[in-house]
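Understanding the architecture of this molecule
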Amino acid sequence: MDTRWMDHQLAEIKRKELYRTLRTMESAPKSTGILNGTEKLICASNNYLGLAADERLIEAATEAMRKYGVGSTGSRLITGNTAIHEQLERRLASFKQAEAAIIYSSGYLANIGVLSSLAQKGDIIFSDELNHASIIDGCRLSRAEKSIYSHVNLVDLESRLQQSAHFRRRFIVTDAVFSMDGNIAPLIEFKRLAKAYDAYLIVDDAHGTGVLGTNGRGTCDYLGVSPDVYIGTLSKGLGTEGGYVVGSQTLIDLLRNVSRSFIFQTAMSPAVAAATLRSIDILESEEGKERRHHLLHLSAHLRARLKEIGFHVMGDVTPIIPVLIGDADRTLVFAQRLQEENIFAPAIRPPTVPVGKSRIRICLTAQHSMEQVETIARVMNKVAQELIIFS
Ligand SMILES: *Cc1c(COP(=O)(O)O)cnc(C)c1O
């Protein structure tokens, strides 16, 4: 096989300093971890509630594995469905106060499944320019027209909606919490626009679930909005893996019948489903409340400390704390210096974010301590002084 064109492509990626390599974790998810051989303070994990390595989840998974095996052996529609999968769907529906739920093997697949199934030829999807890649790919797979509005810009969205009357159906799709900016979408206003222009509101609450709202029910509960289609992932706040959609029974029945990423995918392992059930138990308990409270308290504290130091901190109340540095090379050096100080918080650069908006992205979890947060602030300050970030 002639692979020279691949070499050229890789060389081009390297030339732009965008070449990606894997980091190897050699320990279970905690606030610190062995990364590429040395212990680091991990500020990059989506394990918001700190449940990914919880003994109780491990026990639930082990028990399910002993009963049902490791692999699920097939699609939910053939041999992959167990009582645990059904129990998890019922539990997610009641957790999210919806009529019904469907689980997918990942949040990525849930987004692709929803958008490619619901938005059809003759329809139009309005999608935020900063939506997650899985939403973008779902839009690509759909035969509907796409209209990309500027980030959380209600004026832009409304003017696009005004010109869409000739489409059969209109769908507005948005992240609830934007993963690179840490901000919360104005869902109340989106819902109002959806009503006014006869559109459906689809919300992907990957980062809000477990973190925001009553019992960690998510961003929609936090803002008091009920979307038409509510998507999320189990792989962040809940500490396991998989994706889900909740909504009306009719919506869920349709997805089960037509969404290809559900039909043609091997079911999630029963062990993962069992661990997720245990995770929801914890979220809904007093302990869950304490974990969320601790996490949001740490996040608010770190935001305030970093602002005090002089950083431009982005986002809202979420545990995603992006710190704007600006220049891509400088941001990379900043992240490398943090690593030398045993803090892992990645540099986020173009094309993931616009040119001039490179940032260090800090993510906190409920496993961090106030002492660790103080360390992060102190080291961030030290590196900023060294690199003369504030002039
Ligand atoms: C992480 C994420 C997903 C993908 O979820 P997975 O379960 O990891 O596939 C989808 N949407 C958003 C906004 C995300 O942040």
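Residues numbered from 1 in each chain as written. Predicted model: local features only at pLDDT ≥ 70, side-chain atom pairs only at ≥ 80, totals over all residues. Heavy atoms only, no water.

A separate point is the domain arrangement of the chain. If you check the domain split of the chain, you get domain 1 (21-48 + 286-386) and domain 2 (55-283). Of the roughly 1700 Å² buried between domain 1 and domain 2, counting both surfaces, carbon and sulfur atoms make up 57%. The three residues of domain 1 that bury the most area against domain 2 are Asn 46, Tyr 48 and Arg 292, which together make up 30% of that side's buried surface. Between Glu 287 and Arg 56 there is a salt bridge, with the nearest N and O atoms lying 2.7 Å from each other. Contributing elements (two or more residues each) for the side of domain 1 that touches domain 2: α12 (286-309), β11 (320-326) and β14 (358-363). (Domains from an automatic or database assignment. Buried area = accessible area lost by both parts, 1.4 Å probe. Salt bridge = Lys/Arg side-chain N within 4 Å of Asp/Glu carboxyl O. Helix = DSSP H or I, 4+ residues; strand = E, 2+ residues; numbered from the N terminus.)

One pass over the structure, following the stated rule, counts five aromatic pairs. Here Tyr 149 and Phe 190 contribute two aromatic rings whose centre-to-centre distance is 6.0 Å and whose plane-to-plane angle is 70°, an arrangement assigned as edge-to-face. Of this pair, Tyr 149 sits in strand β5 (residues 145-149) while Phe 190 is found in helix α7 (residues 187-196), placing the two residues 41 residues apart along the sequence. Across the pair, exposure class does not vary: Tyr 149 and Phe 190 are buried alike. (Phe/Tyr/Trp six-rings, centres within 6.5 Å; stacked < 30°, edge-to-face > 60°. Buried < 20%, exposed > 50% of the residue type's maximum accessible area, 1.4 Å probe, protein only.)

The next thing to look at is the side chain of Arg 303. Within the element layout of this structure, Arg 303 appears in helix α12. Despite its burial, Arg 303 pairs with no opposite charge, the nearest such side chain being Asp 316 at 6.9 Å. In this structure the side chain of Arg 303 is engaged in a polar contact, spanning 2.6 Å, whose partner is the backbone oxygen of Ile 320. Setting aside its immediate chain neighbours within four residues, Arg 303 contacts Gly 182, Val 313, Met 314, Gly 315, Asp 316, Val 317, Thr 318, Ile 320 and Ile 321. (Lys, Arg positive; Asp, Glu negative; His and termini not counted. Polar contact = N/O pair within 3.5 Å; in protein donor to acceptor, adjacent residues only side chain to side chain. Contact = heavy atoms within 4.5 Å.)

Right, let's talk about the packing of helix α3 (residues 83-95) against helix α11 (residues 270-283) for a bit. Between α3 and α11, the least distance of the axes is 9 Å, while the angle of their chain directions is 30°. As the angle between them shows, α3 and α11 are arranged roughly parallel. Here α3 runs over α11; the crossing is left-handed. Residues Ile 84, His 85, Gln 87, Leu 88, Arg 91, Leu 92 and Phe 95 of α3 form the contact with α11, whose own contacting residues are Pro 270, Ala 273, Ala 274, Thr 276, Leu 277, Ile 280, Asp 281 and Leu 283. (Axes fitted to C-alpha atoms, helices over the stretch in contact; angles between N-to-C directions. Parallel < 35°, antiparallel > 145°, perpendicular 65-115°, else oblique. Left-handed = near helix turned anticlockwise from the far one by under 90°.)

Moving on, we come to the nonpolar core. By size, the foremost hydrophobic cluster in this structure holds 81 residues, and its most contacted members are Leu 306, Phe 311, Phe 334 and Ile 362. Looking at which element gives the most residues to this core, the answer is α11, with eight residues. Here Phe 311 is in contact with Leu 306, Val 323, Ile 325, Phe 334, Met 380, Asn 381, Ala 384 and Phe 390, once residues within four sequence places are set aside. Listed in part, the 24 residues of the second largest apolar core include Ala 100, Ile 202, Ile 252 and Ile 263. (Core = buried A, V, L, I, M, F, W, Y, C linked by side-chain atoms within 4.5 Å.)

Under the definition given, this model contains zero disulfides. Note on Cys 43: no disulfide assigned, nearest cysteine sulfur contributed by Cys 363 at a separation of 8.8 Å. In this model Cys 139 remains outside any disulfide bridge; the closest cysteine sulfur is found in Cys 220, 18 Å from its own. (Disulfide = S-S within 2.5 Å.)

Moving on to the site of the ligand. Every one of the 14 residues lining the ligand counts as a neighbour, but Asp 204, His 207, Thr 233, Ser 235 and Lys 236 are closest to it. Between the ligand and the protein, one listed contact pairs an oxygen atom with a side-chain N or O atom of His 207 at 2.7 Å. Lys 236 is positioned with one of its side-chain polar atoms (N or O) 2.6 Å from an oxygen atom of the ligand. Protein contacts shield 85% of the accessible area of the ligand, which totals 380 Å² for the unbound molecule. Among the elements that line the shell around the ligand, the one with the most residues is helix α4 (residues 107-118), at three residues. When grouped by side-chain class, the residues that make up the shell around the ligand number two nonpolar, nine polar and three charged. (Near = heavy atom within 4 Å. Areas by Shrake-Rupley, 256 points an atom, 1.4 Å probe, with all protein chains shown as cover. Nonpolar A, V, L, I, M, F, W, Y, C, P; charged D, E, K, R; others polar.)

Relative to the 16 Å expected for twelve residues at 1.5 Å per residue, α4 spans 16 Å between its end C-alpha atoms, a close match to the ideal helical length. Counting buried positions over the twelve residues of α4 gives ten, a clear majority of the element. Within α4, burial applies to Gly 107, Leu 109, Ala 110, Asn 111, Ile 112, Gly 113, Val 114, Leu 115, Ser 117 and Leu 118. Its side-chain oxygen 3.4 Å from the backbone nitrogen of Tyr 108, Ser 106 forms the N-cap of α4. (Expected span 1.5 Å × (residues − 1).)

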